[in-house]
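# Survey of secondary and tertiary structure
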Amino acid sequence: RGTFFLQAFCLAAAGVLFRLVCLPDGQQTQIEWKQTLKQTNPLQAFLDGKHFMNVAFVMLFAVVFGKKCVYPIYTYVVMEFLFYGLHLWSVNYLYVWAILAFAAWSLRKMEHPLGWAVLSGGFGMLFGLLCAPVYLFSGGPGFAVSWWISGIPFDLTHAAGNFVIALVLFVPLRRLLTKLYANIQ
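Since this is a predicted model, take the numbers as computed values, not measurements. (Residues numbered from 1 in each chain as written. Predicted model: local features only at pLDDT ≥ 70, side-chain atom pairs only at ≥ 80, totals over all residues. Heavy atoms only, no water.)

## Section: the overall build of the protein
Here is the rule we go by: Helix and strand definitions follow DSSP, with helices as H or I runs of at least four residues and strands as E runs of at least two, each counted in order from the N terminus. Exposed residues in this analysis have more than 50% of their type's maximum accessible area, buried residues have under 20%, and partly exposed residues fall in between, with area computed by a 1.4 Å probe over protein chains only. Contacts between residues were defined by any pair of non-hydrogen atoms, one from each residue, lying within 4.5 Å. Accessible surface is estimated by sampling points in the Shrake-Rupley manner with a 1.4 Å probe; for residues, cover comes only from the protein chains shown.
Across its full length, the protein holds nine helices and zero strands. Ordered by position from the N terminus, the helices and strands of the protein form the series α-α-α-α-α-α-α-α-α. Here the protein, with 185 residues, has 38% of them falling under the buried criterion. Across the protein, contacts joining residues at least 24 apart in sequence account for 73% of those joining residues at least 6 apart. When the accessible surface of the protein is split by element, carbon and sulfur atoms take 71% of a total near 10,600 Å².

Set out below in structure tokens:
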């Protein structure tokens, strides 16, 4: 139970930081906290499709929680299924987050933010390619390749967002989550 609340707190805090960093310059002098908090609601970000943070949190959960990372990761996957229904992309979510979690867990001794940013950005760039096998089996090679190529603009945006977020937030959030998790064990 404590882990769930810790994860929810970290997700909300990271959302607030992300929104504050990304506010246009004209708005930074007059921040409306109520609106900012509404925009940082993880569910709202989730529904708006603004989920750069899942990559950072999958990496954080894998590094801090080890094998227990499967619980928050697949809770997220089930939430995706419940909100959006089961589709072809649903199969992707059953394995892509596990690949990222394994990669992060394998690199758990890495301390430098740039390394985490490269992993996060690289995953963003490879996201479409990692999802393509589902489309290969469902529609053939032409469908898989065309699906992957048409998604490259999204992958570029995904990679850039992941890179910046991991560069800025991964190491401080890792320290915080490690301390909080140690206190509840």
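## Considering the confidence of the model for the protein
Going by this rule: Each residue carries a pLDDT score, the predictor's own confidence in it, on a scale running from 0 to 100.
Predicted confidence across the protein gives a mean pLDDT of 78, with 71% of residues reaching 70 or more. No element of the protein has a lower mean pLDDT than helix α3 (residues 42-48), at 46, and none a higher one than helix α7 (residues 113-139), at 93. A low-confidence stretch, residues 23-31 (pLDDT under 50), is modelled with six contacts involving residues beyond four sequence positions or located in other chains. Counting interchain partners and residues more than four positions distant, the pLDDT-below-50 stretch residues 36-50 has 24 contacts.

## Comments concerning a nonpolar patch on the surface
To be explicit about the condition: Here, patches come from residues exposed beyond 30% relative accessible area and free of salt bridges, joined within 9 Å for like charges and within 5 Å for nonpolar side chains (Val, Leu, Ile, Met, Phe, Trp, Tyr). Whenever Lys or Arg places a side-chain nitrogen within 4 Å of a carboxyl oxygen from Asp or Glu, that contact is recorded as a salt bridge.
A contiguous nonpolar patch, built from M125, L126, L129, V145, W148, I149, I152 and L156 and spanning about 660 Å² of accessible area, is present on the exposed surface. Broken down by secondary-structure element, the contributors of at least two residues to the nonpolar patch are α7, α8 (141-150) and α9 (152-184). Within the secondary structure, L129 is located in helix α7. Given the relative accessible area of 40%, L129 is considered partly exposed.

## Let's talk about the nonpolar core
The nonpolar side chains of soluble globular proteins are, as a tendency, buried together. We count it as follows: Among buried residues, the Ala, Val, Leu, Ile, Met, Phe, Trp, Tyr and Cys ones that are joined through side-chain atoms within 4.5 Å form a nonpolar core.
Judged by nonpolar contacts, the single largest core of 38 residues is most densely connected at M59, Y93, W97, L100, W116 and F170. A total of eleven residues in this core trace back to one element, the largest contributor, which is helix α4 (residues 53-65). When near neighbours in sequence (up to four residues on either side) are disregarded, L100 contacts V55, V58, M59, L119 and F123.

## A closer look at the packing of helix α5 (residues 70-84) against helix α6 (residues 88-106)
Helix-helix packing is characterised by the crossing angle of the two axes and by the distance between the axes. Rule in force here: A fitted line through C-alpha atoms serves as each axis, taken over the contacting stretch for helices, and the angle formed by two N-to-C directions is quoted from 0 to 180°. Working definition: roughly parallel below 35 degrees, roughly antiparallel above 145 degrees, roughly perpendicular at 65 to 115 degrees, and oblique for all remaining angles. In this scheme the handedness of a crossing depends on how the near helix is turned from the far one: anticlockwise by less than a right angle means left-handed, clockwise means right-handed. For this scheme, ten residues count as nonpolar: Ala, Val, Leu, Ile, Met, Phe, Trp, Tyr, Cys and Pro. Four count as charged, namely Asp, Glu, Lys and Arg, and the remainder, Gly too, count as polar.
In the contact formed by α5 and α6, the axes pass within 10 Å of each other and the chain directions differ by 160°. It follows from the interaxial angle that α5 and α6 lie roughly antiparallel. The chirality of how α5 crosses α6 is right-handed. Taken together, the residues of α6 that come into contact with α5 (itself represented by I73, Y74, Y76, V77, E80, F81 and Y84) are W89, S90, Y93, L94, Y95, W97, A98 and A101. Residue classes in the contact of α5 with α6 are distributed as 13 nonpolar, one polar and one charged.

## Thoughts on the packing of aromatic side chains
Two measures describe an aromatic ring pair: the distance that separates the ring centres and the angle between the ring planes. Spelled out, the test is: Between rings of Phe, Tyr and Trp, where Trp is taken as its six-membered ring, a pair exists when centres lie within 6.5 Å; planes separated by under 30 degrees are stacked, by over 60 edge-to-face, and by other angles tilted.
Considering all chains together, one arrives at 16 aromatic pairs under this definition. With a centroid separation of 6.3 Å and 55° between ring planes, the pair formed by F81 and W89 is classed as tilted. We classify F81 as buried; its relative accessible area is 17%. On the numbers, 5.5 Å between centres and 85° between planes, the contact of Y93 with W97 is edge-to-face.

## Quick notes on the packing of α7 against α8
Direction vectors running N to C along α7 and α8 enclose 150°, while the axes themselves pass 7 Å from each other. When the axes of α7 and α8 are compared, the pair comes out roughly antiparallel. Between α7 and α8 lies a crossing of right-handed hand. Between α7 and α8, the residues in contact are G128, L129, C131, A132, Y135, L136, S138 and G139 and P141, F143, A144, W147 and W148, respectively. Among the residues forming the contact of α7 with α8, the class breakdown is ten nonpolar, three polar and no charged.

## A short note on α5
The cut-off we apply is this: Multiplying 1.5 Å by the residue count of a helix minus one yields the expected span of that helix.
Here α5 spans 21 Å end to end across 15 residues, near enough to the 21 Å set by a 1.5 Å rise per residue. Within α5, the full set of buried residues consists of P72, I73, Y76, V77, E80 and F81. Positive backbone phi, at 85°, marks G85, one or two positions downstream of α5.

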